[in-house]
Amino acid sequence: MESMGKIVKDELRCLELIIESQIRIATCQFLEALLSLDALKVLLLAWNGPSPQVKKPSILSLSKFAGETQLHQWMRQFYSSLLSKFTLYNHQALVLQSPSGEAKLPVELDVYARLVHFQKHTNAVNVAVILDTNGLSAIYRGHGYHLPDVHAERPSGLGSYPAVVAVPSDIAFEHWPSVVCLLTEKSHYLDQKPNPLQFFD
């Protein structure tokens, strides 16, 4: 009975960390998100023990275990998707830390590479993921890790719509007011319609 209680407790803790990580990634709290992801990985690794196929697991990836349960598989896949999202949103900071200038990370789904492929395939001038910071409870502090006790001003105006990631990284800022205007004025249309929105400036 005691082991069953521990299993349920670990499962609930994993679920709690998944939700916590998702929220922190969505609000661009990068340091907190990284700590939640790391705690989740440690718990998932301890759940089924180390994989016999991988002697030394990589820093970020989580290998499939032999005989893993469906719940563990779902949590591992969710962890991988959260990790892919984290590396996408934190790409700019990761590139600065990489000696080659490229953030090549061992993630199962490289969303940034897909964005690059999409931008080249469609011949788009720029593809950007834009964050609306107006509804965030925490103050958006920009890319990278920030100390929680350091005071920061809440972004305003055009600064309240930063590009979390852009392909290519140099954005044509002369078009930014039009992009922000489009996002704010056509928000109801963008929420309901899956089709692209045409806009001419």
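Residues numbered from 1 in each chain as written. Predicted model: local features only at pLDDT ≥ 70, side-chain atom pairs only at ≥ 80, totals over all residues. Heavy atoms only, no water.

Draft legend 1. Quick peek at the overall build of the protein. Looking only at helices and strands, the protein has seven helices and two strands in total. N-terminal to C-terminal, the α/β element order of the protein is α-α-α-α-α-β-β-α-α. Out of the 201 residues in the protein, the part that is buried amounts to 31%. Within the protein, counting contacts between residues at least 6 apart in sequence, those at least 24 apart form 56% of the total. Surface exposure of the protein reaches about 13100 Å², of which carbon and sulfur atoms provide 58%. (Helix = DSSP H or I, 4+ residues; strand = E, 2+ residues; numbered from the N terminus. Buried < 20%, exposed > 50% of the residue type's maximum accessible area, 1.4 Å probe, protein only. Contact = heavy atoms within 4.5 Å. Areas by Shrake-Rupley, 256 points an atom, 1.4 Å probe, with all protein chains shown as cover.)

Draft legend 2. Representation of a nonpolar patch on the surface. A grouping of Met 4, Val 8, Leu 12, Leu 15, Ile 19, Ile 23, Leu 71 and Trp 74 is seen on the molecular surface, where their side chains present a nonpolar patch of about 730 Å² in accessible area. Counting only elements with at least two residues in the nonpolar patch, the list comes to helix H1 (2–26) and helix H3 (70–89). Among the elements that take part in the nonpolar patch, H1 stands out by supplying six residues, more than any other. Among the residues examined, Leu 12 registers a relative accessible area of 54% and is labelled exposed. (Patch = residues over 30% accessible without salt bridge, like charges linked within 9 Å, V, L, I, M, F, W, Y side chains within 5 Å. Salt bridge = Lys/Arg side-chain N within 4 Å of Asp/Glu carboxyl O.)

Draft legend 3. How the structure looks around the environment of Leu 109. For Leu 109, the location among the structural elements is in the loop between helix H4 (91–97) and helix H5 (111–122). Distance from Leu 109 to Ser 84, taken between C-alpha atoms, is 5.9 Å for residues 25 residues apart in sequence. Excluding anything up to four places from it in sequence, Leu 109 contacts Ser 84 and Arg 114.

Draft legend 4. Representation of the pairing of strand E2 (residues 163–167) within the structure. Counted residue by residue, E2 has five buried out of five residues, so it is predominantly covered. Where strand E1 (residues 127–130) meets E2, four bridges bridge the pair, whose relative direction is antiparallel. Note that in E2 the partner of Ala 128 across the bridge is Ala 166. (Pairing = 2+ DSSP bridges.)

Draft legend 5. Here's a closer look at the packing of aromatic side chains. In the structure shown here, the tally under the stated rule is two aromatic pairs. Ring geometry for Phe 30 versus Phe 86: centroids 6.4 Å apart, planes at 75°, classification edge-to-face. One end of the pair, Phe 30, is in helix H2 (residues 30–48); the other, Phe 86, is in helix H3, and 56 residues separate them in sequence. Summarising the aromatic geometry, the rings of Trp 74 and Phe 78 are spaced 5.3 Å apart at their centres and angled 70° between planes, so their arrangement reads as edge-to-face. One end of the pair, Trp 74, and the other, Phe 78, are both in helix H3, four residues apart, so they sit about a helical turn from each other. Residue class for Phe 78 comes out partly exposed when judged on its relative accessible area of 25%. (Phe/Tyr/Trp six-rings, centres within 6.5 Å; stacked < 30°, edge-to-face > 60°.)

Draft legend 6. Broad picture of the pattern of salt bridges. Here the structure, examined in full by the defined rule, presents three salt bridges. Across the pair Asp 10 and Lys 6 runs a salt bridge, and its minimum N-O distance is 2.9 Å. Of this pair, Asp 10 and Lys 6 are both found in helix H1, four residues apart, which corresponds to roughly one turn of the helix. Between Glu 16 and Arg 13 there is a salt bridge, with the nearest N and O atoms lying 3.0 Å from each other. Here the residue Glu 16 and the residue Arg 13 both occupy positions in helix H1, the gap between them amounting to three residues, near one helical turn. For Arg 13, a relative accessible area of 35% translates into the label partly exposed.

Draft legend 7. Representation of unusual backbone geometry in the model. The residue after Val 167, namely Pro 168, is reached through a cis peptide bond having omega -10°. Take Pro 168: it is sitting in the loop between E2 and helix H6 (176–185). Positive phi outside glycine occurs at Asn 123, with the angle close to 60°. Position of Asn 123 among the secondary structure elements: in the loop between H5 and E1.

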